[in-house]
Amino acid sequence: SWQPINRRSCATHTAHPSSFRSTERDLLATYCCRRSRKMCGILAVLGCADDTQGKRVRVLELSRRLKHRGPDWSGMHQVGDCYLSHQRLAIIDPASGDQPLYNEDKSIVVTVNGEIYNHEQLRAQLSSHTFRTGSDCEVIAHLYEEHGENFIDMLDGVFSFVLLDTRDNSFIAARDAIGVTPLYIGWGIDGSVWISSEVKGLNDDCEHFEIFPPGHLYSSKQGGFKRWYNPPWFSEVIPSVPYDPLALRKAFEKAVIKRLMTDVPFGVLLSGGLDSSLVAAVTVRHLAGTKAAKRWGTKLHSFCVGLEVWN
Ligand SMILES: NC(=O)C[C@H](N)C(=O)O
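In this text, all values refer to a predicted model and were calculated from it rather than measured experimentally.

Asker: What should I look at first to understand the layout of surface pockets in this one?
Answerer: Unfilled space is identified by rolling a water-sized probe across the atoms. By volume, the second largest pocket amounts to about 360 Å³. In terms of lining, the second largest pocket is formed by 15 residues, of which the most central are Glu-120, Leu-260, Met-261, Thr-262 and Lys-291. Elements represented by at least two residues in the lining of the second largest pocket include exactly α4 (119-125), α6 (245-258) and α8 (291-296). Per element, the largest residue contribution to the lining of the second largest pocket is three residues, and it comes from α4.

Spelled out as structure tokens, the structure:
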């Protein structure tokens, strides 16, 4: 069922900066949270009725505004009046996972900011497909080929993506369950749809733009948003599951371990607070058993940031 966006319910699932207390420690925590979200920048311009060199240059120029999100690669794929661009911070398959990514015959193009933690399991389920790269994000193109628009809840990860189906020039865009990765959507006066990781990619060229709601899918065929993330607890006012510290601990450990998926050196950014210290403690315990440790060793690098305090 396709429904208009429920702004109130979306807002409750988006961390709002003003919810952080402004003590020094919490400022640091805020800094760490925001920095950890910086990974890749995507910009897509769809159906702008302009396939000229001038428009291409403009989209490239706007995409460069997101360069700080991805120093490793800049990519662009144009099909008629649809443009998909990518600024990459390489994490998985740095050598050949540059984006946009494609299915076998390149009829499906996808630009993604994110990490798909269960990509190996999904690849195993897609045994009839031939993968071009080792990128965790390539599964998105093949899942779409297999399941159409109904595959977003198969992805375990944090992501924002735009997928163009060049067979009928339709597209979909989606954002992860709670909006860990940023995403904005806008509309041009020429009828185009713009999707960008940051407002600066689209605000100058759109008549209207807004936050892309977390946990939603936008489909050009359906002409609107649909909530794909529908956990059973979503409608509960009071949680029905009693507090179980052991269950919480297990879930927390699982969440940290799956995030140790990387083909590049990594570390933890410590705020000195409880959250980041717990993440570091769990990482140290489980690092030895990960693929990352085989390449980068079992020593965990840590970083922290100091702020001057004004009186
Ligand atoms: N980092 C990203 O957002 C994309 C992808 N996971 C990569 O490693 O290239």
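Text resumes after the structure shown.
Asker: What am I meant to see in the pairing of strand β8 (residues 184-187) here?
Answerer: When a strand is regular, its side chains alternate between the sheet's two faces. For β8 and strand β9 (residues 193-196), the ladder comprises four bridges, and the chain directions are antiparallel. By the bridge assignment for β9, Tyr-184 is matched with Ser-196. Between β8 and β9, which follow one another and run antiparallel, lie five residues, and Gly-191 among them has a positive phi close to 90°. Summarising the sheet, β8 and strand β10 (residues 208-211) pair through four bridges and their orientation is antiparallel. For Ile-185, the partnering residue across the bridge sits in β10 and is Glu-210.

Asker: Can you walk me through the site of the ligand in this structure?
Answerer: As a structural note, the neighbourhood of the ligand is formed by Cys-40, Arg-88, Leu-89, Ala-90, Ile-91, Ile-92, Gln-99, Asn-113, Gly-114, Glu-115, Asp-136 and Cys-137. Contact between the ligand and Arg-88: an oxygen atom at 2.7 Å from a side-chain N or O atom of the residue. Contact distances for the ligand include 2.9 Å between a nitrogen atom and a backbone N or O atom of Leu-89. Here the ligand, which alone exposes 260 Å², has 100% of that area covered by the protein. Comparing atom positions with the cavity grids shows the ligand to sit within the largest cavity. When residues in the shell around the ligand are grouped by element, the largest group, three residues, is from strand β5 (residues 108-116).

Asker: Hey, could you run me through empty space enclosed by the protein in this one?
Answerer: This model, assessed by the stated rule, comprises one cavity of 30 Å³ or more. Its boundaries defined by the atoms lining it, the largest cavity holds a volume of some 80 Å³. Taken together, 14 residues form the lining of the largest cavity, with Arg-88, Leu-89, Gln-99, Gly-114 and Asp-136 sitting closest to its centre. Per-element accounting of the lining of the largest cavity gives the leading share, three residues, to β5. The residue makeup of the lining of the largest cavity, split by class, is seven nonpolar, four polar and three charged.

Asker: Sorry if this is basic, but what is going on with the sheet that holds β5 here?
Answerer: By way of backbone hydrogen bonds, the strands of a sheet pair with one another, either parallel or antiparallel. An order of β4-β5-β6-β7-β11-β12 is seen for the six strands of this open sheet, with the pairing classed as antiparallel. Looking at the sheet topology across the chains shown, the edges are occupied by β4 (101-102) and β12 (224-227). Examined bridge by bridge, β5 and strand β6 (residues 157-165) share nine bridges and lie antiparallel to one another. From the neighbouring strand, Asn-113 faces β6, where its bridge partner is Ser-160.

Asker: Is there a simple way to think about the pattern of salt bridges in this case?
Answerer: Close approach of charged atoms allows side chains of opposite charge to pair. All told, the structure shown has twelve salt bridges when counted by the stated rule. A salt bridge links Lys-258 to Asp-156, with the nearest nitrogen and oxygen atoms 3.0 Å apart. Here Lys-258, found in helix α6, pairs with Asp-156, found in the loop between α5 (139-147) and β6; they are 102 residues apart in sequence, far enough to count as distant. The exposure class assigned to Asp-156 is partly exposed, which follows from its relative accessible area of 30%. Notably, a salt bridge pairs Asp-165 with Arg-167, separated by 2.9 Å at the nearest N-O pair. Since its relative accessible area comes to 3%, Asp-165 is described here as buried.

Asker: Help me out: how do you make sense of the domain arrangement of the protein in this one?
Answerer: When the parts come together, some accessible area is lost, and that loss is often what is quoted as the size of the interface. Examined at the domain level, the protein breaks down into domain 1 (17-36 + 244-303) and domain 2 (38-227). A straight line from the C-alpha centre of domain 1 to that of domain 2 covers 27 Å. Both faces combined, the contact of domain 1 with domain 2 buries some 960 Å², and carbon together with sulfur accounts for 55% of it. A per-residue breakdown of the area domain 1 buries against domain 2 is headed by Lys-258, Met-261 and Asp-263, which together make up 52% of the total. Our enumeration of links across domain 1 and domain 2 arrives at two salt bridges.

Asker: It is not clear to me how the UniProt feature "domain: Glutamine amidotransferase type-2" (unreviewed entry) in the protein should be interpreted in this structure. Could you clarify?
Answerer: Within the UniProt annotation, "domain: Glutamine amidotransferase type-2" (unreviewed entry) is assigned to residues 40-223. Taken end to end, residues 40-223 has its terminal C-alpha atoms 27 Å apart, with 15% of it in helix and 34% in strand.

Asker: Help me out: how do you make sense of the packing of aromatic side chains in this one?
Answerer: In this description, a pair of aromatic rings is defined by centroid distance and the angle of the planes. With the rule as written, the count across this model stands at nine aromatic pairs. Both rings, one in Trp-233 and one in Phe-234, keep their centres 6.0 Å apart while their planes meet at 40°; by these two values the pair is tilted. Classification of Trp-233 as partly exposed rests on a relative accessible area of 40%. The exposure class assigned to Phe-234 is partly exposed, which follows from its relative accessible area of 22%. Each residue in the set Phe-151, Phe-159, Phe-161, Trp-228, Tyr-229, Trp-233 and Phe-234 is aromatic and connected to the rest through ring pairs, giving one cluster. Cation over ring: Lys-106 sits above Tyr-102, and NZ or CZ is 4.5 Å from the ring centre.

Criteria and cut-off values
- Numbers given to residues run from 1 along each chain, matching the order in which its sequence is written.
- With pLDDT at 70 or above as the cut-off, local features in this predicted model cover only qualifying residues; side-chain atom pairs require 80 or more to be listed or tallied, and sums for whole chains, interfaces and linings still use all residues.
- Based on all heavy atoms of the structure, the side-chain values leave hydrogens and waters out of the count.
- A 1.4 Å probe that fits into a set of points on a 1 Å grid over the protein atoms alone but cannot get out defines a cavity; an open set with protein on both sides within 12 Å along at least five of seven lines defines a pocket, and lining residues are those with an atom within 4 Å of a point.
- Grid points are joined across faces, edges and corners, and a volume is the space filled by probe spheres set on the points.
- Secondary structure is summarised from DSSP: a helix means a run of H or I of at least four residues, a strand means a run of E of at least two, and numbering begins at the N terminus for each.
- Criterion used throughout: strands pair if DSSP finds at least two bridges between them.
- Only a single heavy atom is needed: when it lies within 4 Å of a molecule or strand, its residue is near that molecule or strand.
- Residues adjacent in sequence count toward polar contacts only when both atoms are side-chain atoms; beyond that, a polar contact is any pair of N or O atoms within 3.5 Å, and within protein one must be able to donate a hydrogen and the other to accept it.
- What sets the accessible areas is the Shrake-Rupley method with a 1.4 Å probe; for residues, cover comes only from the shown protein chains.
- For a molecule to be placed in a cavity or pocket, more than half of its atoms must lie within 2 Å of the grid points of that cavity or pocket.
- Lys, Arg, Asp and Glu make up the charged group, whereas Ala, Val, Leu, Ile, Met, Phe, Trp, Tyr, Cys and Pro make up the nonpolar group; the residues left over, Gly among them, are polar.
- One side-chain nitrogen of Lys or Arg within 4 Å of one carboxyl oxygen of Asp or Glu is enough to make a salt bridge.
- A 1.4 Å probe rolled over the protein chains alone gives each residue an accessible area, and that area as a share of the maximum for its type sets the label: buried under 20%, exposed over 50%, partly exposed in between.
- Segment limits for the domains were obtained from an automatic or database-derived domain assignment.
- By definition, the buried area sums, over both parts, the 1.4 Å-probe accessible area that each loses when the two are put together.
- UniProt positions are given in the numbering used here, feature names are shortened, and annotations may be inferred rather than shown by experiment.
- Centre distance within 6.5 Å is the pairing criterion for rings of Phe, Tyr and Trp, where only the six-membered ring of Trp is used; planes under 30 degrees apart are then read as stacked, over 60 as edge-to-face, and the remainder as tilted.
- The rule for a charge over a ring is simple: NZ of Lys or CZ of Arg within 6 Å of the ring centre, and within 35 degrees of the ring normal.

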